[in-house]
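One-letter residues, chain by chain:
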Amino acid sequence: MVIALGENASHLERIAAEQLAALRWGETQVVTSPEIGNGVDHLVLLGTPASNSLVAESLRSLPEKTNTSLDEEEFHIRTMQFRGRPSVLIAGGGPKGALYGAGRLIREMNTASKGPDSLSLDIHDKPAQTIRGIFWAAYAKGYDDYTVWCYNGEFDKLRSYLIELMLSGMNAICLTFWLDDPGWYLKKDPESRQRQSIAAEVINICRELDLKIIYWWPVNTVPKELWEEHPELRAKEIFGLGDYPAFCPSHPEGRKKILETREAMFAALPPIDILHVYPKDVGGCGCEKCRPYHIPYSEAGLATLEVARRFHPDTELMLNLWYLTADEQEEEVVPLFLGMPDVTYVGAPVNFNLSANHTDLGFISYTALPSLACREQLICEKRVVLWNDITMRGGWGRYGLYPMPRQIKHYYDSFPGAYGSLGYTEGVGDHLNKLMLLALAWNPDLGIEDTLNVALTDYLGCRTNKPMIAAMLALEVGELDSSAPLLLEAEKNLPTSVRESWRWQILHMFHRNAASRFEVHRLLRKIAETAQELVKSDEAACRTTAKEMASYLNGQQERWRNMCIQLSEDCHRLYPEVHQVTGSDHPFFYGGPSLLNPSDTRADLDAVFLLGIDVLNASLEKFESIRESKSPEEVRQRSRELLALVDGYRYYDDCQSLKDGTIGLESITAEYGWVEREEKDHQAVFLLKATALAEEITVDFAVPLRQNLPMGIEVAYTTKDFTGDQTLQCGESTTDDSGRLTIPGLRMRRGGTRLTLAWQNNQSQKEC
């Protein structure tokens, strides 16, 4: 097979030819059109009418209905006879159109049982959405695959991955770098210089590939050193700010210093196309001057755009609706954005909740949607870019395949007619979700199964089948009993090269992980239901029930021990150097290293699953102790402790945030979950996540502190609502002889509660 390029072929057209030539369909040669010899048995004509005279000649020979001018990203593929040779024409309106046409031909060849000469094609296609991209989150060294490639200087690997996504229709990329250090672009130390070099190299690769570059940056973060120098300018805690250094955008001096740092950033960065500013999560301010917050947020975004345009005059602005309520958007925010001509794009996160019956596999709800009429008005007057999370199934810190076809489809259907879409991603483990997102960005009218069919063909590089599609749909909603046999059936028809690939292997790993977590959740639900019965039952019935449950859990121990072994073996086979992404042949890591204790010999497993195993073991001990209780009150007390034990796990599992997240849990004790936010001068501040449906709940909070305080230490406690504005409860408690702190009847507000502990003890200044 000969691939004929024009003498004036663009860089993207040459990339398209390289990708076609890499397919295993016999010997392939890439030539320019005048070099075509007489012995060619099959010909691929690739390019645009302007760059390749043979493409122009082929288009002129086609029926009049197809001989039309093509848009930049439009393409035409046709099998035909050209000068007496069997040929495939790939004509693009521009270089991108030619590249997308090559990607479509690759998919058609992957589904064919024979070579390209067996195909009969007449495809005329163009994308529905103008922006089709991913939001590549590159936060810190070693955190995700992309960042590791960059720190290792493996830019060719990154470039190849971006090209692969472009073959599936991607044309834009949203970038952000190292939120752990908001001043990386200002410093002169070796690591900061390396980061500056990496950012420039990544942006230059995206420029080389003609990707639209969107830069995502918090509205009011500042370098930590500057933040420490000016405590009077600091932003007040707001949901999403976390521990990141930020100044109040409503304070004149704070606004000035924010913009000064942005000036240094834009001076250091190569040109970008769109500045994407967002309101909260690593940003925001909750002070009185910043209420309602969307006003200083949007004003700061416009001021940042003005700074950006001093260095890159063509930069456009995107403001995001993230974390703003439906009422706020409809009544205030959307009208405000519509009145701002410099706000060209509006980022619209979509709220996901697939089903109340599948909360174990559900999504964080980032935002709510305004009414359909409000959305339609927004789409008519602004370029709306949809934005959702395709990586963190169930919360930040979870990685893996996690197929979500129904939710991605819902994502597109929520904003019909949107200008574009971006999928938030932290690695390549979610590659199948990226491909589904890109398939729908190209054609939002695709049904769920058709979207899966397109994505799986690109993902595996071979023909898909009905059992595999059914397995993906079952995995999404936790129907694990049916997905296992479907995956086994699907595997039988796969080529050996596909079965041995890391892409297929992570399918299996995901299934075992999901099945194992599902089993843990089933057991914990049974434990919680039993504990609730024990609190209400008489002493004799309690002893019988506790004995039965202890016997049942004893019988299950070998089962969950085997689950640990199997998951560990899967992880080591896929990725031998546990959580050392550097040097891996498989660009995938499992579980989220920041969630795991490096000293734990099981640290290659998912932290939530391991915690569930620990809770099951602790529950077994509790049931044994209930059997030996000497009074009804003791039975009830231990049953309540058992309920608190399971609730603590549920809080952790629902939040799934890393140690510096705002609603996560950094450390789990055997009794309860909490996250330490700040600890100094004998004071610790925690955020607790309340999952109850009631607006306010009361719990018996019992936690053995990590560094046990001596017995009898008085600890004053205060609880406030999530924002810290309203005090819910104050009081004092005393540690017992084991250092356990118990606060009976602790009040918690739905959504989250701030718990502050304070004590006086010169002997114990270590963290709790």
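Scroll up to find the structure this text is about.
Here is what the cut-offs are and how they apply
- Residues numbered from 1 in each chain as written.
- Predicted model: local features only at pLDDT ≥ 70, side-chain atom pairs only at ≥ 80, totals over all residues.
- Heavy atoms only, no water.
- Disulfide = S-S within 2.5 Å.
- Buried < 20%, exposed > 50% of the residue type's maximum accessible area, 1.4 Å probe, protein only.
- Axes fitted to C-alpha atoms, helices over the stretch in contact; angles between N-to-C directions.
- Helix = DSSP H or I, 4+ residues; strand = E, 2+ residues; numbered from the N terminus.
- Parallel < 35°, antiparallel > 145°, perpendicular 65-115°, else oblique.
- Contact = heavy atoms within 4.5 Å.
- Nonpolar A, V, L, I, M, F, W, Y, C, P; charged D, E, K, R; others polar.
- Patch = residues over 30% accessible without salt bridge, like charges linked within 9 Å, V, L, I, M, F, W, Y side chains within 5 Å.
- Areas by Shrake-Rupley, 256 points an atom, 1.4 Å probe, with all protein chains shown as cover.
- Salt bridge = Lys/Arg side-chain N within 4 Å of Asp/Glu carboxyl O.
- Lys, Arg positive; Asp, Glu negative; His and termini not counted.
- Charge placed at Lys NZ, Arg CZ, Asp CG, Glu CD.
- Phe/Tyr/Trp six-rings, centres within 6.5 Å; stacked < 30°, edge-to-face > 60°.
- Lys NZ or Arg CZ within 6 Å of the ring centre and 35° of its normal.
- Pairing = 2+ DSSP bridges.
- Left-handed = near helix turned anticlockwise from the far one by under 90°.
- Polar contact = N/O pair within 3.5 Å; in protein donor to acceptor, adjacent residues only side chain to side chain.
- Core = buried A, V, L, I, M, F, W, Y, C linked by side-chain atoms within 4.5 Å.

Would you take a moment to explain the state of the cysteines for this structure?
A covalent bond between the sulfur atoms of two cysteines is referred to as a disulfide. Across all of its chains, the model carries 0 disulfides by this definition. Cys150 carries a free sulfur, and the closest cysteine sulfur to it, the one in Cys206, is 9.4 Å from it. Residue classification places Cys150 among the buried residues on the basis of a relative accessible area of 5%.

Explanation requested: the packing of helix H10 (residues 326–338) against helix H11 (residues 372–381) in the structure shown.
Where H10 meets H11, the axes come as close as 10 Å, and the angle between the chain directions of the two elements is 10°. Relative to H11, H10 is oriented roughly parallel. Across from Glu330, Val334 and Leu338 in H10, the residues of H11 making contact are Cys374, Gln377, Leu378 and Glu381. Classifying every residue of the contact of H10 with H11 by side-chain character gives 4 nonpolar, 1 polar and 2 charged.

What is the right way to look at a negative patch on the surface in this model?
Together, Asp327, Glu330, Glu331 and Glu332 make up a negatively charged patch on the protein surface. As for its position among the elements, Asp327 is in helix H10.

Please clarify how the packing of aromatic side chains should be interpreted in this entry.
How two aromatic rings sit relative to each other is set out by the distance from centre to centre and by the angle between their planes. Under the criterion given, the structure shown has 24 aromatic pairs. Judged by centre distance (6.1 Å) and plane angle (70°), the ring pair of Phe177 and Trp184 falls under edge-to-face. Neither Phe177 nor Trp184 differs from the other in exposure class; each is buried. Here Trp178 and Trp184 contribute two aromatic rings whose centre-to-centre distance is 5.3 Å and whose plane-to-plane angle is 75°, an arrangement assigned as edge-to-face. Comparing Trp178 with Trp184 shows no difference in burial state: the two are buried. An aromatic cluster is defined as three or more aromatic residues linked by ring pairs; in this entry it consists of Trp136, Tyr151, Phe177, Trp178, Trp184, Tyr185, Tyr215 and Trp217. Of note, Arg234 hangs over the ring of Trp227, and the distance from its end group to the ring centre comes to 3.8 Å.

Mind showing me how you'd approach the sheet that holds strand E7 (residues 131–138) here?
What the 8 strands build is a closed barrel, ordered E7-E8-E9-E10-E11-E12-E13-E14; its pairing is parallel. Neighbouring strand axes in the sheet, compared pairwise and without regard to direction, differ in orientation by 25° on average. Alignment of E7 against strand E14 (residues 420–425), held across 6 bridges, turns out to be parallel. Each residue of the ladder has a partner; that of Trp136, found in E14, is Thr425.

Before we go on, may I ask you to explain the packing of helix H12 (residues 405–413) against helix H13 (residues 431–442) in this structure?
When two helices pack together, their arrangement is given by the angle between their axes and by how far apart the axes lie. Axis separation between H12 and H13 bottoms out at 10 Å; the angle between their running directions is 35°. Crossing of H12 over H13 shows right-handed handedness. Contacts between H12 and H13 involve Pro405, Ile408, Lys409, Tyr411 and Tyr412 from the former and Asn433, Met436, Leu437, Leu440 and Ala441 from the latter. Here the residues of the contact of H12 with H13 are counted per class, giving 8 nonpolar, 1 polar and 1 charged.

So what exactly am I meant to see when it comes to the environment of Pro495 here?
With respect to the helices, strands and loops of the structure, Pro495 is situated in the loop between helix H16 (480–492) and helix H17 (496–499). A C-alpha to C-alpha distance of 9.8 Å links Pro495 and Leu460, two positions 35 residues apart in sequence.

Looking at this model, I keep getting lost on the sheet that holds strand E2 (residues 29–32). Mind explaining?
Paired through their backbone hydrogen bonds, the strands of a sheet run either parallel or antiparallel. Ordered in space as E2-E1-E3-E5-E4-E6, the 6 strands form an open sheet in which the pairing is mixed. Among the strands making up the open sheet, the edge pair consists of E2 and strand E6 (122–125). On average, each strand axis in the sheet is tilted by 20° relative to the strand beside it, whichever way the strands run. One ladder, built from 4 bridges, connects strand E1 (residues 2–5) with E2; its direction is parallel. Each residue of the ladder has a partner; that of Leu5, found in E2, is Thr32.

I tried to follow H12 on my own but got confused; where do I start?
Helical periodicity: at 3.6 residues per turn, an α-helix aligns residues three or four positions apart in one direction. Burial in H12 covers these residues: Pro405, Gln407, Ile408, Lys409, Tyr411 and Tyr412. Summarising the contacts, the buried residues of H12 are in contact with strand E13 (383–389), E14, H13, helix H14 (448–460) and helix H15 (466–476).

How should I be thinking about the pattern of salt bridges in this particular structure?
Where charged atoms from two side chains of opposite charge approach closely, those side chains can pair. In the structure shown here, the tally under the stated rule is 28 salt bridges. Residue Arg503 is joined to Glu164 by a salt bridge in which the shortest nitrogen-to-oxygen separation is 2.7 Å. Here Glu164 lies in helix H5 (residues 155–167) and Arg503 lies in helix H18 (residues 502–536), a separation of 339 residues in the sequence. You can call Glu164 partly exposed: its relative accessible area is 23%. One salt bridge in this structure joins Arg291 and Glu288, with 3.2 Å as the shortest N-O distance. It is possible to trace a salt-bridge network through shared partners that takes in Arg104, Glu108 and Asp125.

Before we go on, may I ask you to explain unusual backbone geometry in this structure?
Most of the time, phi is negative for any residue but glycine, and the peptide bond is trans. That bond from Arg291 to Pro292 is cis: its omega, -5°, falls within 30 degrees of zero. Inspection of the secondary structure assignment puts Pro292 in the loop between strand E10 (274–278) and helix H9 (294–311). The phi torsion at Arg83 lies on the positive side, around 55°, for a residue other than glycine. Mapped onto the elements of the fold, Arg83 is located in the loop between strand E4 (75–82) and strand E5 (85–92). Its relative accessible area of 55% is what places Arg83 among the exposed residues. In this model, Trp178 sits at a positive phi of 50°, which is unusual for a non-glycine residue. You can see Trp178 is positioned in the loop between strand E8 (172–177) and helix H6 (190–208). Here Trp178 falls in the buried class, since its relative accessible area comes to 1%.

What am I meant to see in the side chain of Ser58 here?
When you line up the elements, Ser58 lands in helix H2 (residues 53–61). A polar contact of 2.8 Å, which involves the side chain of Ser58, links it to the backbone oxygen of Leu54.

It is not clear to me how the nonpolar core should be interpreted in this structure. Could you clarify?
Most often, soluble globular proteins have nonpolar side chains that are buried together. Counting 158 residues, the largest nonpolar core has Trp136, Leu175 and Val202 as its most contacted members. With 27 residues, the next largest nonpolar core counts Leu534, Cys542, Leu620 and Ile626 among its residues.

What's the story with the environment of Glu621 in this structure? I'm lost.
Tracing the backbone shows Glu621 in helix H20 (residues 607–627). Along the primary structure Glu621 and Ala550 are separated by 71 residues, whereas in three dimensions their C-alpha atoms are 8.1 Å apart.

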